[in-house]
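# Secondary and tertiary structure notes
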Amino acid sequence: MQTELVKTNGTTAIHKQQAAPLDFTQEQRRMILDSFLNGATEAEASVLMELARLRRLNPITRQIHFVKRWDGERNGYVWAAQVGIDGFRAIAERTGLYDGQDEPEFEYDKNGGLRLCRVKIYRKDWSRAAVGVAHMAEYVQKKKDGSPTSMWANKPHVMIAKCAEALAFRKAFPEDTSGLYAPEEM
């Protein structure tokens, strides 16, 4: 995706050009189906691959993940796409408007427990940052016994920072990231 900054009469206009969707060779498609969509029906795989293609996210490099989850309302398993944090970063960079981000900021409760994370993302055409705030209590994934899962227990700062960053990317680039969620958010 190419973005041009054009100055006319003392003002700057941004012109974003659409880039071609990501295309996979037949061999790559077969590898993706065998490695990352094992057990998906042709219809399920087709929808997920089309999403990856249109969003230009590469499942081979883990920018997008395909996950089979239990859906209680449907009383069966369904496939869903989840975007890795590197996928969000790639989408933002391709807009030509991404102007970096600050390091995550963490807040702690009075007992020293991690309470929340804040991430600020900047756009070249905005005067203020888009801020994602993720509260630990709302995102920490737990096992049946109520304790945090292994990754959340061992790397809570990394996990909550990814949630805050994904939130900030959706705020900063809603047209490009709407409906996309990171695995850590699910």
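Here we summarise the structure given alongside this text. Computed from a prediction, not measured in an experiment: that's the story for all the values here.

## A short note on the side chain of Glu184
By secondary structure assignment, the location of Glu184 is in the segment after helix 7 (174-177). Within the structure, the side chain of Glu184 is placed 3.3 Å from the side chain of Lys162, a separation counted as a polar contact. Non-local contacts of Glu184, meaning those with residues more than four positions away in its chain, are made with Tyr139, Gln141, Trp152, Met159, Lys162 and Cys163.

## Considerations on the packing of aromatic side chains
Following the criterion strictly, the structure yields 4 aromatic pairs and no others. Relative to Tyr77, the ring of Trp70 has its centre 5.1 Å away and its plane inclined at 80 degrees; by these criteria the two rings are edge-to-face. Residue Tyr77 is classed as exposed on the basis of its relative accessible area of 52%. Taking 5.8 Å as the distance between ring centres and 45 degrees as the angle between the ring planes, the aromatic pair formed by Tyr98 and Phe169 counts as tilted. With Tyr98 in strand 5 (residues 98-101) and Phe169 in helix 6 (residues 156-172), this pair connects stretches of sequence that are 71 residues apart. An aromatic cluster is present here, built from Phe88, Tyr98, Phe169 and Phe173 joined pairwise through their rings.

## Observations concerning helix 2 (residues 42-55)
Three or four residues apart is the spacing at which side chains of an α-helix point the same way, because the helix has 3.6 residues per turn. Between its first and last C-alpha, helix 2 extends 20 Å over 14 residues, near the 20 Å set by a 1.5 Å rise per residue. Ala45, Leu48, Met49 and Ala52 are the residues of helix 2 that are buried. Buried residues in helix 2, looked at end-on, bunch into an arc of 100 degrees, giving them a common side. Residues of helix 2 that are exposed and point over 90 degrees away from its buried face: Ala43, Val47 and Leu54. Buried residues along helix 2 sit in contact with helix 1 (26-36), strand 3 (64-71) and strand 4 (76-83).

## Let's talk about the environment of Cys117
Mapped onto the secondary structure, Cys117 falls in strand 7 (residues 114-123). Setting aside its immediate chain neighbours within four residues, Cys117 contacts Pro104, Glu105, Phe106, Gly132, Val133, Ala134, Ile160, Ala161 and Ala164.

## Considerations on the nonpolar core
Among the nonpolar cores identified, the biggest contains 42 residues, and Leu37, Phe66, Phe88, Ile121, Trp152, Ile160 and Phe173 are the most heavily contacted of them. When residues in this core are grouped by element, the largest group, 10 residues, is from helix 6. Each residue touching Phe173, except ones within four places of it in the same chain, is listed here: Ala92, Thr95, Leu97, Tyr98, Ile121 and Arg123.

## Quick notes on the pairing of strand 4
Here 8 bridges tie strand 3 to strand 4, and the two strands are oriented antiparallel to one another. Bridge pairing links Ile64 to Val83 in strand 4. In sequence, strand 3 turns back onto strand 4 through a hairpin of 4 residues, with Asn75 there showing a positive phi of about 55 degrees.

## Let's talk about the pattern of salt bridges
A side chain of one charge can pair with a side chain of the opposite charge if their charged atoms are brought near each other. In total, this model carries 12 salt bridges according to the counting rule given. The residue Glu165 makes a salt bridge to Arg89 at a minimum N-O spacing of 2.8 Å. Of this pair, Glu165 sits in helix 6 while Arg89 sits in helix 3 (residues 85-95), placing them 76 residues apart in sequence. Here Glu165 falls in the buried class, since its relative accessible area comes to 5%. Taking the shortest distance from any N to any O, the salt bridge between Arg118 and Glu107 comes out at 2.8 Å. Remark: Glu107 occurs in strand 6 (residues 105-108) and Arg118 occurs in strand 7; sequence separation between them is 11 residues. Several salt bridges converge on common partners, so that one network encompasses Glu105, Glu107, Arg115, Arg118 and Lys120.

## Here's the deal with helix 3
By the criterion of burial, helix 3 is predominantly enclosed, with 8 of the 11 residues buried. Immediately beyond the C-terminal end of helix 3, within one or two residues, lies Gly96, with a positive phi of roughly 80 degrees.

## Overview of unusual backbone geometry
Residues apart from glycine generally show negative phi values, whereas peptide bonds are mostly found in trans. The phi angle at Arg56 is positive, at roughly 55 degrees, despite the residue not being glycine. With respect to the secondary-structure elements, Arg56 resides in the loop between helix 2 and strand 3. Residue classification places Arg56 among the partly exposed residues on the basis of a relative accessible area of 21%. One non-glycine residue, Asn75, lies in positive phi territory at about 55 degrees.

Thresholds applied
Residues numbered from 1 in each chain as written. Predicted model: local features only at pLDDT ≥ 70, side-chain atom pairs only at ≥ 80, totals over all residues. Heavy atoms only, no water. Helix = DSSP H or I, 4+ residues; strand = E, 2+ residues; numbered from the N terminus. Polar contact = N/O pair within 3.5 Å; in protein donor to acceptor, adjacent residues only side chain to side chain. Contact = heavy atoms within 4.5 Å. Phe/Tyr/Trp six-rings, centres within 6.5 Å; stacked < 30°, edge-to-face > 60°. Buried < 20%, exposed > 50% of the residue type's maximum accessible area, 1.4 Å probe, protein only. Expected span 1.5 Å × (residues − 1). Arc of directions from axis to C-beta. Core = buried A, V, L, I, M, F, W, Y, C linked by side-chain atoms within 4.5 Å. Pairing = 2+ DSSP bridges. Salt bridge = Lys/Arg side-chain N within 4 Å of Asp/Glu carboxyl O.

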